[in-house]
Amino acid sequence: MTSKDGYSWTKAQGLRAGVPSIGVIEPPSNVKSADTVYDVIVVGAGYCGLTAARDASLAGLKVLLLEARDRIGGRSWSSNIEGYPYEMGGTWVFWGQANVWREIARYGMQDELEISYDFSRGINKYLLSSPQGTQTFTHEEEDALMQSSLAKLVNVDGCLGKTVVPFPHSGVMTPEARKYDHMSVADRLAEIKNDLTPNERLCAESFVLLCSGGTLETTSFYEFLHWWALSGYSYEGCIDYLVKYKFRGGQSSFAINFFKEALASGNLTYAFNSPVANIQHGGNGVQITTRSGQTYKSTKMICAIPLNVLNDVAFDPPLAPGRKAAATTGHVNQCVKVHAEISDRDLRSFTGISYPHNGLIYGFGDGETPAGNTHVVAFGGQHNHFHPEENLEHTKAAFQGFAPMNIERLVFHNWSKDEFAKGAWFFPAPGLLSTHLKDMRARESNIVFACSDWALGWRSFIDGAIEEGTRAAINVRADFAGRAKL
Ligand code: FAD
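Residues numbered from 1 in each chain as written. Predicted model: local features only at pLDDT ≥ 70, side-chain atom pairs only at ≥ 80, totals over all residues. Heavy atoms only, no water.

The name given to the chain in an unreviewed UniProt entry is Amine oxidase, with the source organism recorded as Trichoderma semiorbis. A UniProt comment under Cofactor (unreviewed entry) is attached to the chain, and it reads "FAD". (UniProt positions renumbered as here; feature names shortened; annotations may be inferred.)

Quick question: what am I supposed to make of the pairing of strand E5 (residues 78–81) here?
Regular strands place their side chains on alternate faces of the sheet. With 4 bridges connecting them, E5 and strand E6 (residues 84–87) associate as antiparallel partners. Looking across to E6, one finds that serine 79 is bridged to tyrosine 86. Remark: 2 residues form the turn of the hairpin made by E5 and E6, two consecutive strands paired antiparallel; glutamate 82 in that turn has positive phi of roughly 50 degrees. (Pairing = 2+ DSSP bridges. Helix = DSSP H or I, 4+ residues; strand = E, 2+ residues; numbered from the N terminus.)

Just checking my understanding: could you explain the packing of aromatic side chains for this structure?
For any pair of aromatic rings, geometry is given as the distance between the ring centres together with the angle between the planes. With the rule as written, the count across this model stands at 30 aromatic pairs. Here tryptophan 95 and tyrosine 245 contribute two aromatic rings whose centre-to-centre distance is 4.6 Å and whose plane-to-plane angle is 50 degrees, an arrangement assigned as tilted. On the criterion of sequence distance, the pair formed by tryptophan 95 in the loop between E6 and helix H2 (98–106) and tyrosine 245 in strand E10 (residues 245–247) is long-range, its members being 150 residues apart. Judged by its relative accessible area of 44%, tryptophan 95 is partly exposed. The buried category is assigned to tyrosine 245, whose relative accessible area is 11%. Taken together, the ring pairs in this structure connect Phe94, Trp95, Trp101, Trp227, Tyr241, Tyr245, Phe427, Trp458 and Phe461 into an aromatic cluster. Over the aromatic face of tyrosine 233 sits the side chain of lysine 162, whose NZ or CZ is 5.4 Å from the ring centroid. (Phe/Tyr/Trp six-rings, centres within 6.5 Å; stacked < 30°, edge-to-face > 60°. Buried < 20%, exposed > 50% of the residue type's maximum accessible area, 1.4 Å probe, protein only. Lys NZ or Arg CZ within 6 Å of the ring centre and 35° of its normal.)

Please clarify how the packing of H2 against helix H9 (residues 251–264) should be interpreted in this entry.
Angle between the axes and distance between the axes are the two parameters that describe a pair of packed helices. Packing of H2 against H9 leaves a shortest axis separation of 11 Å and a crossing angle of 70 degrees. Here H9 runs roughly perpendicular to H2, going by the angle between their axes. Considering how the two elements wind past one another, H2 and H9 form a crossing that is left-handed. The residues of H9 that touch H2, namely those facing Val100, Glu103, Ile104 and Arg106, are Phe254, Phe258 and Glu261. Of the residues that constitute the contact of H2 with H9, the class distribution is 4 nonpolar, no polar and 3 charged. (Axes fitted to C-alpha atoms, helices over the stretch in contact; angles between N-to-C directions. Parallel < 35°, antiparallel > 145°, perpendicular 65-115°, else oblique. Left-handed = near helix turned anticlockwise from the far one by under 90°. Contact = heavy atoms within 4.5 Å. Nonpolar A, V, L, I, M, F, W, Y, C, P; charged D, E, K, R; others polar.)

Below you can see the structure in the form of structure tokens.
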């Protein structure tokens, strides 16, 4: 099946909107009666909504899953082009992420992971490109440079940030954490400007921008410390947790299992291509109206809509002021993630930074296509932001910013222009978390708000989406059982 989402380009076919994905659901709806009053309506079929819908339907609740797109997965989905998976959004998972690993084990997918890097052949080099030219390092030198730069960045307490974020899965922000949440990474870099070598500075800045998809000024220093803590307070941990292990069959091969299990319960009704426009809620339950005017009713609702698009839905009564303010501020991540299939086999083993002049900042060899070509993935963000489909020559030139390469194919999703995401993974500007994390997590009458964007642990990751979907389903089940909520 082909999704309306995503783009591909080849010389022969030109630019095409829409790419094939096993996450597209056919038929798009199995709604039988418009009069059914569901126990719970889940809005959003990303990992959070899928987990919530599955857990609630397996618990015997009558569930309706409403999704704006033609596919499951939200910000994590893959396209299979000529038998090869390109990850359009969320990609890497790790066994240290407890929620993700629980689900991987549930679906018996422990042996379906592969490692993105292959340093066994080819140029095997780290290319550090700046306006001054390109320097070349071994991968061991790369690791040492990255570790020393990031250690200097995070070492606010003499022990690599461990006292600031001692419990990375806790929802309690210590006074120290709040202090650093009001500071940007640019502020922190100003403090240590005399301690960093020029190369360390390039490495630290580009790695932070890879994580936040924002600018140094709009990146909360606390949230970077939080990622660092989650990753075991080391650069090696960051690689393991953030960019190393991915599904051989692509993310959609994982997500489809959640959907199929929910469907097999016999309690799941669903409707795709159904953007929700209006939500009325109160003592009597919830009434949801889609943009096409279809109305659905339920006793409870799980709202799994991302922060940056929450204000596009009309709530009656309106959203609580704190949540409304958080959604108005939004998160800052405008990541530009682009894949290139290139004929240069030796580049399979390159990793590189091209900064601060280039549109794509961080790139590396991510796989080998069935044609024996190299698959390169590269990331940009708000810094030198661009829309890849608008100027393909600019997009291709951004890849040449790492090394000369012969591009045969481009594949990408424009997350900035995506009306159901308006950005990539959650990354907060200074102050958002310390002011509004509690507000984002609070429930409102019969609605539980759940999303990776306000998870406690791996916030902004697939793991965080599953954490939140699990929490939401537990809360709704507790409502029906008359138990205390979490
Ligand atoms: P979403 O996936 O955004 O799901 C929300 C759903 O709500 C969407 O399907 C959306 O269409 C739907 N929706 C929105 N508005 C409406 C409406 N009005 N009506 C009906 N439905 C609506 N995470 C990792 O763990 N590892 C990675 O390597 C990684 N890399 C990433 C790279 C990119 C480019 C991106 C974009 C994300 C990445 N992430 C990664 C983050 C991860 O993808 C997300 O945190 C996670 O998928 C979010 O899940 P969610 O269910 O909370 O939200």
